[in-house]
Amino acid sequence: MTSLLLLLVAYSSIYAQYSSAVPQTWEIDSWDANNWNLAFRTTNTFNEDCYPIVSLQEIDLGAGLVNAALITTSYNSNNQPISEVTQLWDFSSNSWTNFIREDYTYANGVIIEELTLVWENNDWQASEKRTLTYAGSENLLLQALTQNWDISSNSWENDDREIYAYEVYSCSVFFIASIEFQDWNGVNWENYEREVYSYGNCLLATLEFHYWNGLNWENDNIEIYSYDENGFLIEVDDNDWNGVIYQADSRVLITNNSDGNPTELISQDWEDNNTWLNTSRGRGTYSCLPLGIAEGNVLEAVDIYPNPAFNNVYILTSRTLNVIIYDSNGRELQTQTITQEFNSIDVSNLSNGMYILKLVSNKSVQTQKLVVKR
C-alpha cells in the first residue's frame with residue numbers, strides 16, 4: 001500500500017508544478033494506446049479562505065477507484081500550513097491509519113523548519129528535519145539543510161543540503177539563478193546535482209540539470225518552458241544530453257482556464273519513430289482560488305479595471321488603501337498608498353504575465369489576480 005501511495009502522490013502533485021491554485025478535483029488518466037483510463041483522483045475540501053484542509057486520494061486497482069490516502073492540513077491565522085497528516089486506507093479494518101505527519105515552523109512570515117514524523121508503535125516518531133535559512137529584507141532562501149534522526153546517537157545527523165543563488169532581472173525581482181544539491185559524507189559536503197535557471201521577460205525560460213562527476217559539472221537534461229500571450233505556461237519540453245547535444249525525451253502540454261490555472265496536462269514521450277506517444281493525462285476543476293496571499297475580510301465598494309491591464313490599473317474606492325503588487329511566487333514588486341476616489345496604478349514596468357494585487361485598509365484585506373498583457 002505504501003508504494004501505491006507514493007505513486008499516487010507523485011502523479012497527483014503534478015498540478016502543483018504548474019498552478020498557483022489547488023483544484024477541487026485532480027484526476028490522472030493512463031493511456032493504453034487507444035483510450036484514456038482513469039487511474040487516480042484527488043478531491044480537495046477547502047476552508048472559508050479557499051485553502052485545502054482535507055485531500056482524499058483514490059486509486060484504481062483494477063475494479064474502480066478505492067481509498068488510498070487522506071491528507072488533513074491545519075493552518076495558522078495567516079493561512080500558512082502548520083501541520084499535515086497523511087493517513088493510509090487499511091483494507092482489512094476498512095479504516096484510516098496514521099502514516100506520516102509534517103509540522104511547519106515560521107518566523108517573520110517565512111517557514112524555517114519542516115519536521116517529518118512517522119507513525120510507529122502507536123506514536124509519532126521524529127524522522128527527518130529540514131531547516132531553512134534566509135537573508136536580506138526580501139527573505140531570500142539561501143540554504144535548506146536536511147537531517148535524519150539517528151536513534152542510536154539520539155541526535156540529528158546531516159543528510160543533504162541545497163544552496164541557493166539569485167539574480168535580479170529587468171522587472172526588479174529576485175529570481176533563483178541556481179540550486180546546488182550536496183550530500184554529507186560524514187565529514188564534508190559533496191556536490192551531486194545542480195539546477196540552473198534562465199528567464200525571458202521575467203518568466204522561467206529554461207531549467208538545466210547538471211550532475212557532478214567528481215571534478216566538474218556535466219549536462220544531464222534541460223527543461224524548456226513555453227507560454228501563451230497571457231504569460232500562461234502551455235508547454236514544458238524535457239531534453240536529455242547525449243554527450244554532444246540535447247535530444248527530445250518527453251513533454252507536457254498544458255491547457256489553462258481564464259485564471260491561468262491548468263485544466264489539462266498531457267504527458268508524452270518521444271519515440272524512436274519520431275512521434276510523440278501519450279503516457280498520462282491530468283484533469284483539474286477549480287471552485288476556490290486562494291491566490292497564495294492570506295486574506296482577511298473583503299473590502300466593499302472597490303472597482304478595479306481593466307484586467308488584463310496594459311500600462312495602468314484604475315481603482316475606484318471611497319477608502320484609503322495600500323496597494324501592493326506581488327509576483328506569482330508572492331514576492332512584493334511595488335507598493336502605493338491611494339487616498340483619492342479615482343486612482344491610477346502604473347504597471348508599465350511589469351512584464352506580461354500574472355500578478356497578485358493586494359488592497360489593504362485599516363480593517364480588512366482584498367486580493368485578486370491581475371494579468372498584464374500588451
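1. Thoughts on the overall build of the chain
Broken down by element type, the chain carries two helices and 25 strands. Residues classed as buried in the chain amount to 41% of the 374 residues present. For the chain, long-range pairs separated by at least 24 residues make up 35% of all intrachain contacts whose partners lie at least 6 apart in sequence.

2. A short note on the pattern of salt bridges
Overall, the coordinates contain 10 salt bridges when judged by the stated rule. For Glu-27, the salt bridge identified is with Arg-283, shortest N-O distance 2.9 Å. On the criterion of sequence distance, the pair formed by Glu-27 in strand β1 (residues 25–31) and Arg-283 in strand β18 (residues 276–285) is long-range, its members being 256 residues apart. For Arg-283, a relative accessible area of 27% corresponds to the partly exposed category. One salt bridge in this structure joins Glu-235 and Arg-251, with 4.0 Å as the shortest N-O distance.

3. Some details on a negative patch on the surface
Taken together, the side chains of Asp-220, Asp-240, Asp-249 and Asp-269 make up a negatively charged region of the molecular surface. Tracing the sequence through the fold places Asp-240 in strand β15 (residues 233–241). Judged by relative accessible area, Asp-240 falls into the partly exposed class, the value being 31%.

4. Here we look at the environment of Ser-152
Within the secondary structure, Ser-152 is located in the loop between β9 (140–150) and β10 (155–168). Residue classification places Ser-152 among the exposed residues on the basis of a relative accessible area of 70%.

5. A short note on the pairing of β10
In the sheet, β9 pairs with β10 via eight bridges, with the strands oriented antiparallel. Residue pairing for β10: Leu-145 is matched across the bridge by Arg-161. Here β10 pairs with strand β11 (residues 174–184) via nine bridges, running antiparallel. By the bridge assignment, Val-168 is partnered in β11 with Phe-174.

6. Here's the deal with the sheet that holds strand β23 (residues 342–346)
Across the sheet, which stays open at both edges, the three strands sit in the order β19-β20-β23 with antiparallel pairing between neighbours. Edge strands, defined here as strands with exactly one partner in the open sheet, are β19 (302–305) and β23. Neighbouring strand axes in the sheet, compared pairwise and without regard to direction, differ in orientation by 20° on average. Looking at chain direction, strand β20 (residues 312–317) and β23 are connected through five bridges and run antiparallel. Each bridged residue has a counterpart across the sheet, and for Val-313 the counterpart in β23 is Ile-345.

7. Regarding the nonpolar core
In this structure, Tyr-164, Tyr-197, Tyr-225 and Ile-254 are the most contacted members of the largest nonpolar core, which totals 31 residues. The contacts of Tyr-225, once residues within four sequence positions are left out, are Leu-204, Ala-205, Thr-206, Leu-207, Leu-233, Glu-235 and Val-236. Of all hydrophobic cores here, the second largest spans 17 residues; its members include Leu-321, Ile-338, Leu-359 and Val-372.

8. Remarks on the confidence of the model for the chain
Per-residue pLDDT for the chain averages 86, and the proportion of residues at 70 or more is 87%. When the criterion is pLDDT under 50, residues 291–300 qualifies, and its contacts beyond four places in sequence or with other chains add up to 32 contacts.

9. Quick look at the packing of aromatic side chains
Across all of its chains, the model carries 11 aromatic pairs by this definition. When the centroid spacing of 5.0 Å and the interplanar angle of 70° are considered together, the rings of Trp-89 and Trp-96 count as edge-to-face. Residue Trp-89 is classed as buried on the basis of its relative accessible area of 14%.

10. Points about the environment of Gln-143
Looking at the element boundaries, Gln-143 is found in strand β9. The sequence separation of Gln-143 and Ile-179 amounts to 36 residues, and the corresponding C-alpha distance is 9.2 Å. Apart from residues lying up to four places away in sequence, Gln-143 is in contact with Thr-131, Leu-132, Thr-133, Arg-161, Glu-162, Ile-163 and Tyr-164.

11. Some points on the pairing of strand β17 (residues 262–270)
Two strands pair when backbone bridges link them, and strand β16 (residues 246–256) and β17 are joined in this way by seven bridges, in the antiparallel orientation. Looking at the pairing, Val-252 lines up with Ser-267 of β17. Connecting β16 to the antiparallel partner β17 that follows it, the hairpin turn spans five residues, and Gly-260 within it adopts a positive phi of roughly 85°. With antiparallel pairing between neighbouring strands as the criterion, β17 and β18 make up a hairpin whose turn holds five residues, including Asn-274 at a positive phi of roughly 60°.

12. Details of unusual backbone geometry
Leaving glycine aside, a negative phi is the common case for residues, and trans is the common case for peptide bonds. Positive phi values are uncommon outside glycine, yet Ala-33 reaches one of about 90°. The topology assignment puts Ala-33 in the loop between β1 and β2 (36–46). With phi around 50°, Asn-94 is a residue other than glycine that occupies positive phi space. Locating Asn-94 in the fold gives a position in the loop between β5 (81–90) and β6 (95–107). Take Asn-94: its relative accessible area is 55%, and that puts it in the exposed class.

13. Quick notes on the environment of Tyr-166
Relative to the assigned elements, Tyr-166 resides in strand β10. Spatially, the C-alpha atom of Tyr-166 lies 4.5 Å from that of Ile-176, the residues being 10 residues apart in sequence. Contact partners of Tyr-166, with chain neighbours within four places excluded, come to Leu-140, Leu-141, Leu-142, Phe-174, Phe-175, Ile-176, Ala-177 and Arg-331. A polar atom in the side chain of Tyr-166 sits 2.5 Å from the backbone oxygen of Leu-141.

What counts, and at which threshold
- Residues numbered from 1 in each chain as written.
- Predicted model: local features only at pLDDT ≥ 70, side-chain atom pairs only at ≥ 80, totals over all residues.
- Heavy atoms only, no water.
- Helix = DSSP H or I, 4+ residues; strand = E, 2+ residues; numbered from the N terminus.
- Buried < 20%, exposed > 50% of the residue type's maximum accessible area, 1.4 Å probe, protein only.
- Contact = heavy atoms within 4.5 Å.
- Salt bridge = Lys/Arg side-chain N within 4 Å of Asp/Glu carboxyl O.
- Patch = residues over 30% accessible without salt bridge, like charges linked within 9 Å, V, L, I, M, F, W, Y side chains within 5 Å.
- Areas by Shrake-Rupley, 256 points an atom, 1.4 Å probe, with all protein chains shown as cover.
- Lys, Arg positive; Asp, Glu negative; His and termini not counted.
- Charge placed at Lys NZ, Arg CZ, Asp CG, Glu CD.
- Pairing = 2+ DSSP bridges.
- Axes fitted to C-alpha atoms, helices over the stretch in contact; angles between N-to-C directions.
- Core = buried A, V, L, I, M, F, W, Y, C linked by side-chain atoms within 4.5 Å.
- pLDDT = per-residue confidence, 0-100.
- Phe/Tyr/Trp six-rings, centres within 6.5 Å; stacked < 30°, edge-to-face > 60°.
- Polar contact = N/O pair within 3.5 Å; in protein donor to acceptor, adjacent residues only side chain to side chain.

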